[in-house]
Amino acid sequence: MKNYIFFTITTLTILLSGCSTKEVYEPKSVEADWDKESSIESELVDRAYNVALLDNRKVLDRDSIIDIAIDEDKRVISESDGWIISASIDGNVTLTSKNDSNITKSIDLKNTIAAASIKDNILAVLFANNDMALYDIDSQALVLKEQGSKSLAVDMKIVNPYFMKDLVIFSTLDGKIVIINITAKKRLRTVIVSSQDKFNNVIYFNMIDNKIIAATGTKILSLAQKEIRQKYEIRTIIDDGKMLYVATKQGDIISLTPELEVVNKIKLPFAHILGMISDDEKIYLLEKEEYLIEIDKKTFEYKIYKSDFSDGFVFVGDKVFYVDDTKISIK
């Protein structure tokens, strides 16, 4: 029950934090209404890093609505290696095949789960208390467990464990990345991204140009032969495989190299960016006051369109923004 309260209060804090300022984004000019909008069959009621849950209990991944029903006592955790992972508050985990919803596996971990990923028969789990563990799905045996430091409060964007050959990289709730060798069953390295007291979990992780890129809400880390860090108050961050794109709480939109060098930057005063999508030569930003902003990646020239959506959960798909029961496509 304590873990349930932890997640509920954190979710409420994040949802209400955007309402504390009176100043809002007011563009000088708007091109037109964005005409690529439609309704979906049910409204969003929960989201995780790469998957969301609809009110009718169906699952929404980055591509489409999946005809898999999540039990009422479970929340959706992630989509990984062809499986939808869901779990109850007390750690009863269900794995459901994306290709055949009749194929399921269960494992009882007895603790609240924050994030999880699968590779072959290995389940990597980040618990709500920041502990990390690997399990053999077939035998349900514990392969490895590492204790994490306690975290007082977290952002909703909790990153799933990342598999890379014989390694699994955990993005922790207290601003670290932990690299574990699966074969050797041991921790190889721990790297600090940032050291805030709260809301310091890693909210973004990827490999770009053979570099580990990780970010919390206040700092970005680029890790290869050396560690590079830059401070930003990050609202959201994405990449296109070559460049990073950051939207800050001050309304700055910035493109960065994997070495964290600034390439382009514009300011949208008081803009509250709910999400970003990269597509070919442009990035698209969804702004809280119902605007869709289209930015050219090379020149950073931009156009603003008026959108139409209600407040609610926001989930960013591959080429689509979902807000409540509204689908906003960029194509």
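Quick caveat: nothing in here was measured; it's all calculated off a predicted structure.

K.L.:
Outline the overall build of the chain, supporting the account with residue identities and numerical values.
P.N.:
Of regular secondary structure, the chain possesses one helix and 33 strands. Computed over its C-alpha atoms, the radius of gyration of the chain comes to 19 Å, within 12% of the 20 Å expected for a compact globule of 331 residues. Taken along the three principal axes of its C-alpha coordinates, the chain extends 60 × 45 × 35 Å. Residues counted as buried form 53% of the 331 residues belonging to the chain. Carbon and sulfur atoms make up 45% of the accessible area of the chain, which totals about 15800 Å².

K.L.:
Now, about unusual backbone geometry: what can you tell me, with residues and values included?
P.N.:
Notably, Asn130 is not glycine yet its phi reads approximately 80 degrees, a positive angle. One non-glycine residue, Gln140, adopts positive backbone phi at about 65 degrees. Summarising the element assignment, Gln140 is placed in the loop between strand 13 (132–136) and strand 14 (142–146). Accessibility expressed as a relative area gives 43% for Gln140, which makes it partly exposed.

K.L.:
How would you sum up the sheet that holds strand 23 (residues 234–239)? Please name residues and give values.
P.N.:
Strand pairing in a sheet takes place through backbone hydrogen bonds and is either antiparallel or parallel in direction. Read across the open sheet, the four strands follow the order 23-24-25-26; overall the sheet is antiparallel. Both outer strands of the open sheet, strand 23 and strand 26 (262–267), are each paired with one neighbouring strand and no more. Strand-to-strand twist in this sheet, taken as the mean axis angle between neighbours without regard to direction, amounts to 15 degrees. Two elements, strand 25 (residues 252–256) and strand 26, share five bridges in a ladder whose sense is antiparallel.

K.L.:
Break down the nonpolar core for me, with residues and values.
P.N.:
Most often, soluble globular proteins have nonpolar side chains that are buried together. Membership of the largest hydrophobic core comes to 18 residues, with the highest contact counts inside it found for Ile253, Ile273, Leu285, Ile293 and Ile295. Counting only elements with at least two residues in this core, the list comes to strand 24 (244–248), strand 27 (273–279), strand 28 (282–287) and strand 29 (291–296). In terms of residues, this core owes the most to one element, strand 29, which gives three residues. Apart from residues no more than four positions distant in its own chain, Ile273 is found in contact with Arg235, Thr236, Ala247, Ile253, Leu285, Leu286, Glu287 and Ile293.

K.L.:
I'd like a rundown of the packing of aromatic side chains, residues and numbers included.
P.N.:
Each aromatic ring pair is specified by the distance between its two centres and by the angle formed by the two planes. Across all of its chains, the model carries five aromatic pairs by this definition. For the pair Trp34 and Tyr305, a centre-to-centre distance of 5.0 Å together with 70 degrees between the ring planes defines the contact as edge-to-face. Here the residue Trp34 occupies a position in the loop between strand 1 (32–33) and strand 2 (37–39), and Tyr305 occupies one in strand 30 (residues 302–306), the gap between them amounting to 271 residues. Side by side, Trp34 and Tyr305 carry an identical accessibility label, which is buried. An aromatic cluster is defined as three or more aromatic residues linked by ring pairs; in this entry it consists of Trp34, Tyr284 and Tyr305. Here the basic side chain of Lys36 rests over the ring of Trp34, its NZ or CZ set 4.6 Å away from the ring centre.

K.L.:
Describe the sheet that holds strand 22 (residues 227–231), and please don't skip the residues or the numbers.
P.N.:
Read from one edge to the other, the open sheet built from four strands follows the order 19-20-21-22, with strand pairing classed as antiparallel. The strands lining the two open edges of the sheet, one partner per strand, are strand 19 (204–208) and strand 22. Strand-to-strand twist across the sheet, computed as the mean angle between neighbouring axes with direction ignored, equals 15 degrees. Pairing analysis gives five bridges linking strand 21 (residues 219–223) to strand 22, with the strands arranged antiparallel.

K.L.:
Explain the confidence of the model for the chain to me, using residue names and the numbers behind them.
P.N.:
Across the chain, pLDDT averages 93, with 93% of residues at or above 70. Here residues 1–6 is a poorly scored stretch, pLDDT under 50, and it has nine contacts once near neighbours within four places are set aside; other chains count. A low-confidence stretch, residues 8–21 (pLDDT under 50), is modelled with ten contacts involving residues beyond four sequence positions or located in other chains.

K.L.:
Any chance you could break down the side chain of Asp61 for me, citing the residues and the numbers?
P.N.:
Tracing the chain through its elements places Asp61 in strand 5 (residues 58–61). A distance of 2.8 Å separates a polar atom in the side chain of Asp61 from the backbone nitrogen of Asp63. With sequence-adjacent residues up to four places away left out, Asp61 is seen in contact with Asn50, Val51, Ile66, Lys98 and Phe315.

Conventions used here
Residues numbered from 1 in each chain as written. Predicted model: local features only at pLDDT ≥ 70, side-chain atom pairs only at ≥ 80, totals over all residues. Heavy atoms only, no water. Helix = DSSP H or I, 4+ residues; strand = E, 2+ residues; numbered from the N terminus. Rg over C-alpha atoms; globule rule 2.2 N^0.38 Å. Buried < 20%, exposed > 50% of the residue type's maximum accessible area, 1.4 Å probe, protein only. Areas by Shrake-Rupley, 256 points an atom, 1.4 Å probe, with all protein chains shown as cover. Pairing = 2+ DSSP bridges. Axes fitted to C-alpha atoms, helices over the stretch in contact; angles between N-to-C directions. Core = buried A, V, L, I, M, F, W, Y, C linked by side-chain atoms within 4.5 Å. Contact = heavy atoms within 4.5 Å. Phe/Tyr/Trp six-rings, centres within 6.5 Å; stacked < 30°, edge-to-face > 60°. Lys NZ or Arg CZ within 6 Å of the ring centre and 35° of its normal. pLDDT = per-residue confidence, 0-100. Polar contact = N/O pair within 3.5 Å; in protein donor to acceptor, adjacent residues only side chain to side chain.

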